[in-house]
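What the coordinates show
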Amino acid sequence: MTDTPNPPTPRAATKTEHTLPLPDGPLRYTATAEWQLLYEQEKPVAEMFHVAYIAAVETTTPRSLTFVFNGGPGAASAYLHMGALGPKRIAFGANGSLPKPPVQLVDNVESWLSFTDLVFVDPIGTGFSRSLPAPKEGEKEQAKEADTTKENAFWEVERDLSALGEFIQRFLSRQKRWLSPIFIAGESYGGFRVARLARKLQQEFGIGLSGAILISPALEFSLLGGSDYDLTAWATLLPSLAASAAHHDRAQWAGEPGDFSAHTAAAERFALKTLIPLLAAGDTSTPDEQQSAYQQLAALVGLPLSVVERQAGRIGIEVFARELLRDQQRIVGLYDASITAIDPFPDRIFYEGIDPTLDGLDRLFTGAINSHLRDTLAVETDLSYNLLNYETFKAWKFDLKGELKQGFIGAVDDLRVGMTLNPYMQVYITHGFFDLVTPYFASNHLAALMKLNPELRPNLTLQHYEGGHMFYTWERSRQQWFTAMQTFYQTAIA
């Protein structure tokens, strides 16, 4: 960590006291919302906004501390902050349905604050995090160097990870928390960040982790979309399609009607044992072999045989979202296929890119985080809170400076190295069954290929829940996940 003389004064922090009513009694905590400076070549280049919740709990040992971020890239931490982990959360319907405006906030009895302190971090360009302005006109030398302070300098894989590592390192020093058990948790591309940081924090920042939590992660980008020549993605998506079809009672159940586990297990077997060999055979497979496989596939995913034949067994998420309930003139969500909406263009052949899940959630999280930060936590700023910065997403540089392999980036190798460097670190990977964007079976498949030493394999937990990309919007799933995470933290710290 670089020592910098006379750094600029960061924006004003706010510190407020609160109480969270819990079944076991009230939990008092302090919420601090502030900006932390980041440096480059001993010069401050950005301010990273974050909210830290520290519980007023008397303990004989340091309390655990969890750093939380979302993905995108370009997403602020508000999704996990106001959806599941923080002391206040959005009130969703029981199965993640979207309530009518205005958004309602409630005390979150499943907040992780009951067992760990929390720091919600917004990467540069998201939330209130910004690069610092360029020097005044006329300061040519400084202005030249100031090019590195532009936000898009942070919008690439390694610079983003280094910024998060620097932030965590400085936070631990400023708050004197180096002896606390440290956890990191990230959702979607944030899960990619967690996997990469599991190695990077240890090797470059001297930070040992007690646990890493990957929520609906995108781990290997080669599995985010299939083609005529890249076949595995079609197979790893299939069980999520089958789960979603079963939820809407459109599948022909592989086991007893209503046996969800048996149906998804059958889809997983079919994906690996039948679909991949069929697609790999290409034109060398016989018409009978193709027809048999297409019939099984159509039954599993609830689509007409004609659609499966048209797609030659390659069922993409847009095709599925449009075709599953076409007879009802409804589409299903990509991020949560259990949620449906009226199809505004039922007579058109192609999917029009309307997602009733992600597109519908923005109004809820934007209202919730702005109200919470500005009203409850007393943050005063004229900055707009960037919930999901599409400019960041479009400008993101995925090239890993020579590490790019076959056009795709990945993080599983880094996770493997991180687990090897620290054989005590516990890793938890979780998905929603109805998420079509980062399907659960992709992580299952990757875990089976990691070749972990038998001593390390018990440190990796895979556990999935009903719901979509943000399965925690489902009440039952959030409660189940909360219970599982209590056990996870106890195991990791013991």
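Structure report, in brief. (Residues numbered from 1 in each chain as written. Predicted model: local features only at pLDDT ≥ 70, side-chain atom pairs only at ≥ 80, totals over all residues. Heavy atoms only, no water.)

Quick word on unusual backbone geometry
Keep in mind that most residues, glycine aside, have a negative phi and that most peptide bonds are trans. At the junction of glycine 72 and proline 73, the peptide bond is cis and its omega measures out at -5° in the coordinates. Mapped onto the secondary structure, proline 73 falls in the loop between β4 (65–69) and α1 (78–85). Put simply, proline 101 and proline 102 share a cis peptide bond, and its omega is -5°. When you line up the elements, proline 102 lands in the loop between β5 (88–90) and β6 (105–107). For alanine 312, which is not a glycine, the phi torsion comes out positive at approximately 55°. Among the structural elements, alanine 312 can be located in the loop between α8 (305–310) and α9 (317–323). (Helix = DSSP H or I, 4+ residues; strand = E, 2+ residues; numbered from the N terminus.)

Quick look at the packing of helix α6 (residues 260–281) against helix α13 (residues 440–449)
The description of two packed helices rests on the angle between their axes and on the distance between the axes. Running from amino to carboxyl end, α6 crosses α13 at an angle of 60°, the nearest separation of the two axes being 12 Å. As judged from the angle between their axes, α6 and α13 are oblique. Relative to α13, α6 is oriented so that their crossing is right-handed. Of α13, the residues touching α6 (which contributes Thr264, Glu268, Ala271 and Leu272) are Tyr440, Phe441 and His445. (Axes fitted to C-alpha atoms, helices over the stretch in contact; angles between N-to-C directions. Parallel < 35°, antiparallel > 145°, perpendicular 65-115°, else oblique. Left-handed = near helix turned anticlockwise from the far one by under 90°. Contact = heavy atoms within 4.5 Å.)

Examining the packing of aromatic side chains
Overall, the coordinates contain 35 aromatic pairs when judged by the stated rule. Ring geometry for phenylalanine 115 against phenylalanine 482: centres 5.8 Å apart, planes inclined by 40°, an arrangement best described as tilted. Residue phenylalanine 115 is found in the loop between β6 and β7 (117–121), and its partner phenylalanine 482 is found in helix α14 (residues 475–493); the two are separated by 367 residues along the sequence. The same class applies to phenylalanine 115 as to phenylalanine 482, namely buried. Taking the centre distance of 5.2 Å and the plane angle of 20° together, the rings of tyrosine 465 and phenylalanine 471 count as stacked. (Phe/Tyr/Trp six-rings, centres within 6.5 Å; stacked < 30°, edge-to-face > 60°. Buried < 20%, exposed > 50% of the residue type's maximum accessible area, 1.4 Å probe, protein only.)

Notes on the pairing of strand β3 (residues 43–55)
On any regular strand, side chains alternate: one points to one face of the sheet, the next to the other face. Among the 13 residues that make up β3, ten are buried, leaving the element largely enclosed by the rest of the structure. Bridge count between strand β2 (residues 27–40) and β3: twelve bridges; the pairing is antiparallel. Counted as the bridge partner of leucine 37 is glutamate 47 from β3. Taken together, the two bridges between β3 and strand β8 (residues 130–131) define a ladder with antiparallel strand orientation. (Pairing = 2+ DSSP bridges.)

Section: the pattern of salt bridges
A side chain of one charge can pair with a side chain of the opposite charge when the charged atoms of the two come close. This model, assessed by the stated rule, comprises 20 salt bridges. In this structure, arginine 199 engages aspartate 414 in a salt bridge whose closest nitrogen and oxygen atoms are separated by 3.6 Å. Of this pair, arginine 199 sits in helix α4 (residues 189–205) while aspartate 414 sits in helix α12 (residues 412–421); the two residues are 215 residues apart in sequence, bridging distant segments of the chain. Under the relative-accessibility criterion, arginine 199 is labelled partly exposed at 28%. Among the salt bridges present, the one from aspartate 343 reaches arginine 322, with a minimum N-O distance of 2.5 Å. On the criterion of sequence distance, the pair formed by aspartate 343 in the loop between β12 (340–342) and α10 (358–376) and arginine 322 in helix α9 is long-range, its members being 21 residues apart. Taking relative accessible area as the criterion, aspartate 343 reaches 9% and is therefore assigned buried. Here arginine 322 falls in the buried class, since its relative accessible area comes to 3%. The structure contains a network of salt bridges with shared partners spanning Glu158, Arg196, Arg199, Lys200, Glu204 and Asp414. (Salt bridge = Lys/Arg side-chain N within 4 Å of Asp/Glu carboxyl O.)

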